[in-house]
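Chain and residue survey
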Amino acid sequence: MLITTNGLLLSARMLDFFREHDMLVDLSWDGERATQLAHRRSASGRDYFPQLLENTDALLGSGVRYQITMVVPPESVEKLFSNVKFLVGRGHRRIQINYAGACFWPRAKSAELLRQVGLVCAAAPDWPGFKLLNATELRWEPALVNSSIVVDYDGTIFRDMGFYQKKDPAVAIGPLGETEGIDELGLTPFETFWRLSRIYSLEKPSYMMKLLINNIVVGQLFELACRGFTRRAGRHKRAAENL
């Protein structure tokens, strides 16, 4: 089971519970202070970064299985590599990079996204134990058509699909206690694309379809860039075996 958190309310009691039940923690963290506070402002406007560092240090040493999801929007894509390097420098090794969806990626920003991922792939051999989760089967691209079944904090089941909010009837499935066969509710990428196409054709069709196609193309290019991590890792493994 995977549980998502921003890390601010993590406590020793929670970490003990996660470890006892072998839960995987998905930590939403975008990198350095400036990036994090710009992307994820607190309701009160306070600087929570010191608390985040304290809690994530505890998570790092707890023995709990965890990974970090770092969201990268077009406006801060130039900081992608430095943010990954910061997280690695804090001791974190399992990182997933999510380019922001539901926004248009201009050609120049898309190119910079690929360049930054290339920098991560080039630096990875110098980071012992580092794993870019985008280069594994845990992350499929294009993410927009990679539908998953999610249970919200209130027990509502919904499809995490496209740009639709979880309470929207287009993606909501129903209450957890009243839904059977959850493992059979998944969709293939084609089925997700077909549903999104039908949904978007009813609302602002030209804009939404443009956004849909843009995000799919970015996802395909992003997947190709992440394959560089797999190729480099394979070369370094073979080189080590030949020593």
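Look up a bit, the structure's there.
All values derive from a computational prediction rather than experimental measurement. (Residues numbered from 1 in each chain as written. Predicted model: local features only at pLDDT ≥ 70, side-chain atom pairs only at ≥ 80, totals over all residues. Heavy atoms only, no water.)

Remarks on the overall build of the protein chain
Looking only at helices and strands, one finds seven helices and eight strands in the protein chain. In the structure as shown, the protein chain presents an accessible area of about 13700 Å², 55% of it carried by carbon and sulfur atoms. (Helix = DSSP H or I, 4+ residues; strand = E, 2+ residues; numbered from the N terminus. Areas by Shrake-Rupley, 256 points an atom, 1.4 Å probe, with all protein chains shown as cover.)

Focus: the packing of helix α4 (residues 80-89) against helix α5 (residues 107-123)
Two elements in contact, α4 and α5, have axes whose closest approach is 8 Å; the angle formed by their N-to-C orientations is 35 degrees. Where α4 approaches α5, its residues L80, F81 and V84 are matched on the opposing element by L113, Q116, V117, L119, V120 and A123. Here the contact of α4 with α5 is composed, by residue class, of eight nonpolar, one polar and no charged. (Axes fitted to C-alpha atoms, helices over the stretch in contact; angles between N-to-C directions. Contact = heavy atoms within 4.5 Å. Nonpolar A, V, L, I, M, F, W, Y, C, P; charged D, E, K, R; others polar.)

So, the packing of aromatic side chains
The tally for this structure, following the rule as stated, stands at seven aromatic pairs. Ring geometry for F49 versus F86: centroids 6.2 Å apart, planes at 35 degrees, classification tilted. In this pair, F49 is assigned in helix α3 (residues 49-60) and F86 in helix α4, connecting sequence segments 37 residues apart. The exposure class assigned to F49 is buried, which follows from its relative accessible area of 3%. A relative accessible area of 22% places F86 in the partly exposed class. Ring centres 6.1 Å apart and planes at 20 degrees place the aromatic pair F81 and W127 in the stacked group. (Phe/Tyr/Trp six-rings, centres within 6.5 Å; stacked < 30°, edge-to-face > 60°. Buried < 20%, exposed > 50% of the residue type's maximum accessible area, 1.4 Å probe, protein only.)

Side note on the sheet that holds strand β5 (residues 131-132)
In spatial order, the strands read β1-β2-β3-β4-β5; together these five strands make up an open sheet with parallel pairing. Looking at strand neighbours, the two that pair on one side only are β1 (2-5) and β5, the edges of this open sheet. Where strand β3 (residues 65-72) and strand β4 (residues 94-99) come together, five bridges link them in parallel fashion. When the sheet's bridge partners are listed, V72 is paired in β4 with Y99. (Pairing = 2+ DSSP bridges.)

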